[in-house]
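Descriptive analysis of the structure
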Amino acid sequence: MFGFIGAGKVGTTLGMYFNNMHLPISGYNSKSLASAKKSAALTNSKAYENITQLVDSSKYIMITTTDDAIEDVVGQLISINAAWEDKVVCHTSGTHPSTILEPLSKLGSTTLSLHPMLSFADINYALTMLPQTPLTLEGKGNLIDDFKKILLDINLKIHSISSEQKSLYHAAACIVSNYLVTVIDIGIETLNRIGLKQESSLELIESLVKGTMNNIFEKGTVNSLTGPLARGDVHTIKTHIQALSREDRSLEQFYRLLGDRTLSLVEKQNKLNEYTLNTLKEVLQGENCNYTNNKEQEKE
C-alpha cells in the first residue's frame, strides 16, 4: 500500500497515476484535512488525521510535502513505533537527496528520493505527461530494487543517480526549466523596449521558440544552433551589443555572457576558421570594439 504525506499537486498526481495503474493506495495525511480528503477522493483512498495510522497502513510512504517540511515529517516518523525494516520512505524533492531521511535509514527503512523532471502546475497535464517523463531515483536499503520494479511495471521511466549527484542534477533542471523562462522573459523585455506589448511579443516569438525546442530534441544542441554567431557574422554581433548598451548595460552584459558561452557550441560545429572564432570572442569579451567585418582580414 502507498501512503502519501502531503496532499499537494505532486502527491495528488502520483496517487492518481498509481491508482489508475491499479496500485493500492492507503491514503493521505496532510496539514490540511480538507486537502487530504480531496486527494483521497480522487484516488479511492482514505484521509488520515493521524500520521501513525497512515504509517501502519502503508508499506511505501511517499513524502510529497514542500521541501522545507521534509525534516519535520522525518521527526514525526521516527517517533512512531513501526517495523521500519519492512517499509520504504521516499520523498519527491528535487533539491534534497535521500540522505535527509537518514534518521529513518538508521531505523532500518529503505530511504529514497524520487523526482520527476516535470512541472506540476496543472494536475491533469502532469498526469498525462508522467508516463513520458523520466524520473530520477536514488537512495539505499534492501527494498530499493523492489520499489524500482514497481515503478517500471507501471510504465514509468526511471534513471538511477547517486545521492552525491542530486544537487548537480537539480541545478541542471533549474537551468533548463526556470532559467529558460528567464531568458525568454528578457527577450520579451527587449521587444517591449521597441514598443511591442506583451501579447504581441509572445505571438512574435512563439514559432521561433517552439521551432528551436523541436530542433534541440530532434538534432541535439550543437546541430540546432543557428544565427549570427554560428555564421561568424561579427558585424551583427557588434550592432547587437551597441544597441543593448544604449538601452541597458545589464542587457548588454547578459548578451555578452550568453554569447561567450555559445561560442563553445559554435566551435563544436567546426564551420568557422580560427581567426573568426577569436574575433567573435574578443568582441563578446569587449576586447575588440573597433572590428570591421572585412573579409580580406580573415585568415584561412
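Residues numbered from 1 in each chain as written. Predicted model: local features only at pLDDT ≥ 70, side-chain atom pairs only at ≥ 80, totals over all residues. Heavy atoms only, no water.

As for the pairing of strand β6 (residues 110-116)
As a reminder, the rule being used: Partly exposed residues are those whose accessible area sits between 20% and 50% of the maximum for their type, while under 20% is buried and over 50% is exposed, using a 1.4 Å probe and protein chains only. Under the DSSP-based scheme used, a helix requires at least four consecutive residues in state H or I and a strand at least two consecutive residues in state E, with every element numbered from the N terminus. Only strands that DSSP links by at least two bridges are regarded as paired with each other.
For β6, a buried count of 7 out of 7 residues is recorded, marking the element as mostly surrounded by other parts of the structure. When strand β5 (residues 88-91) meets β6, the two strands line up parallel, connected through 4 bridges. If you follow H91 over to β6, its bridge partner there is S113. Note: β6 against strand β7 (residues 134-140), 6 bridges, orientation antiparallel. Bridge assignment links S113 to a residue of β7, and that residue is E138.

Looking at helix α1 (residues 9-20)
Where we set the bar: An expected span of 1.5 Å times one less than the residue number is assigned to each helix. In this description, contact between two residues means that some pair of their heavy atoms is separated by no more than 4.5 Å.
In this model α1 runs 16 Å from its N-terminal to its C-terminal C-alpha over 12 residues, within 8% of the 16 Å that 1.5 Å per residue would give. Extensive coverage of α1 is indicated by the burial of 9 of its 12 residues. When we look at burial in α1, the residues that qualify are G11, T12, T13, L14, G15, M16, Y17, F18 and N19. Where α1 is buried, its residues meet β1 (2-5), β2 (25-29), α2 (33-42), β4 (60-63), α6 (123-129) and α7 (144-153). Trailing α1 by a residue or two, H22 shows a phi angle of about 70°, which is positive.

Here's the deal with the nonpolar core
Put simply, the test is: Definition used in this section: a nonpolar core is a set of buried Ala, Val, Leu, Ile, Met, Phe, Trp, Tyr and Cys residues joined via side-chain atoms within 4.5 Å.
Membership of the largest hydrophobic core comes to 32 residues, with the highest contact counts inside it found for F2, F4, F18, M62, L114, F147 and L156. No other element matches α1, which puts 4 residues into this core. Residues contacting M62, with those up to four places away along its chain left out, are F2, G3, F4, I5, L14, C90, T92, L114 and F147.

Here's the deal with the packing of helix α13 (residues 234-247) against helix α14 (residues 249-269)
A pair of packed helices is characterised by two quantities: the angle between their axes and the separation of those axes. Threshold: Helix axes use the C-alpha atoms of the stretch in contact, all axes being lines fitted to C-alpha atoms, and the angles between their N-to-C directions lie in the range 0 to 180 degrees. Angular relationships are summarised with four words: roughly parallel below 35 degrees, roughly antiparallel beyond 145, roughly perpendicular across 65 to 115, and oblique for the angles in between. Each residue is assigned to one of three groups, with Ala, Val, Leu, Ile, Met, Phe, Trp, Tyr, Cys and Pro labelled nonpolar, Asp, Glu, Lys and Arg labelled charged, and all others, Gly among them, labelled polar.
Where α13 meets α14, the closest approach of the two axes is 7 Å, and the angle between their N-to-C directions is 150°. One finds that α13 runs roughly antiparallel with respect to α14. Between α13, through I237, H240, I241, L244 and S245, and α14, the contact on the second element is made entirely by R249, L251, E252, Y255 and R256. Among the residues forming the contact of α13 with α14, the class breakdown is 5 nonpolar, 2 polar and 3 charged.

Side note on the pattern of salt bridges
Let me state the cut-off plainly: Salt bridge, as used here: a side-chain nitrogen of Lys or Arg that lies within 4 Å of a carboxyl oxygen of Asp or Glu.
Following the criterion strictly, the structure yields 9 salt bridges and no others. Notably, a salt bridge pairs D248 with R193, separated by 3.2 Å at the nearest N-O pair. Of this pair, D248 sits in the loop between α13 and α14 while R193 sits in the loop between α9 (178-192) and α10 (198-219); the two residues are 55 residues apart in sequence, bridging distant segments of the chain. Each of E189, R193, E247 and D248 takes part in salt bridges that share partners, so that together they form one network.

Concerning the sheet that holds β6
An order of β3-β2-β1-β4-β5-β6-β7-β8 is seen for the 8 strands of this open sheet, with the pairing classed as mixed. Edge positions in the sheet fall to β3 (46-48) and β8 (157-160), since each of these pairs with one other strand and no more. Here the average twist between neighbouring strands, direction ignored, is 25°. Each of β2 and β3 touches α2; the most contacted strand, β3, lies at about 160° to it.

Quick notes on the environment of Y125
Position of Y125 relative to the elements: it lies in helix α6. Considering only alpha carbons, one finds Y125 and T13, 112 residues apart in sequence, at a separation of 9.5 Å.

Looking at unusual backbone geometry
Despite not being glycine, H22 shows a phi value in the positive range, around 70°. Counting through the fold element by element, H22 comes out in the loop between α1 and β2. The phi dihedral of N44 is positive, around 55°, even though this residue is not glycine. Note on placement: N44 falls in the loop between α2 and β3.

Describing a nonpolar patch on the surface
Spelled out, the test is: The patches described consist of residues with a relative accessible area above 30% and no salt bridge, like charges being joined within 9 Å and nonpolar side chains (Val, Leu, Ile, Met, Phe, Trp, Tyr) within 5 Å. Accessibility throughout is a Shrake-Rupley quantity obtained with a 1.4 Å probe, and a residue counts as covered only by protein chains that appear here.
Where nonpolar side chains cluster on the molecular surface, the patch consists of I175, V176 and Y179 and spans about 330 Å² of accessible area. Inspection of the secondary structure puts I175 in helix α8 (residues 166-176).

A look at α8
Rule in force here: Each direction from the helix axis to a C-beta atom contributes to the arc, which is the arc of those directions.
Taken together, the buried positions of α8 are occupied by K166, Y169, H170, A173 and C174. Angularly, the buried residues of α8 cover 140° about the axis, an arc narrow enough to put them on a single face. Those residues of α8 that are exposed and aimed more than 90 degrees away from the buried face are S167, L168, I175 and V176. Buried residues along α8 sit in contact with β5, β6, β7 and α9.

A word on the packing of aromatic side chains
What counts, and what does not: Classification of ring pairs rests on two measures: the distance between centres of Phe, Tyr or Trp rings, Trp counted by its six-membered ring, which must be within 6.5 Å, and the angle between planes, read as stacked under 30 degrees, edge-to-face over 60 and tilted in between.
The tally for this structure, following the rule as stated, stands at 6 aromatic pairs. Residues F2 and F147 carry aromatic rings whose centres are separated by 6.3 Å and whose planes lie at 45° to one another, so their mutual orientation is tilted. Highlighted residues: F2 in strand β1 and F147 in helix α7, separated in sequence by 145 residues. For the pair F2 and F147, a shared accessibility class is recorded, and that class is buried. Between Y60 and F147, the ring centres sit 5.8 Å apart and the planes meet at 45°, which makes this aromatic pair tilted. Of this pair, Y60 sits in strand β4 while F147 sits in helix α7, placing them 87 residues apart in sequence. In this structure F147 comes out as buried when scored by relative accessible area, which is 0%. Three or more aromatic residues joined by ring pairs make a cluster, and in this case those are F2, F4, F18, Y28, Y60 and F147.

From the geometry alone we can't say anything about function, so treat these as descriptive.
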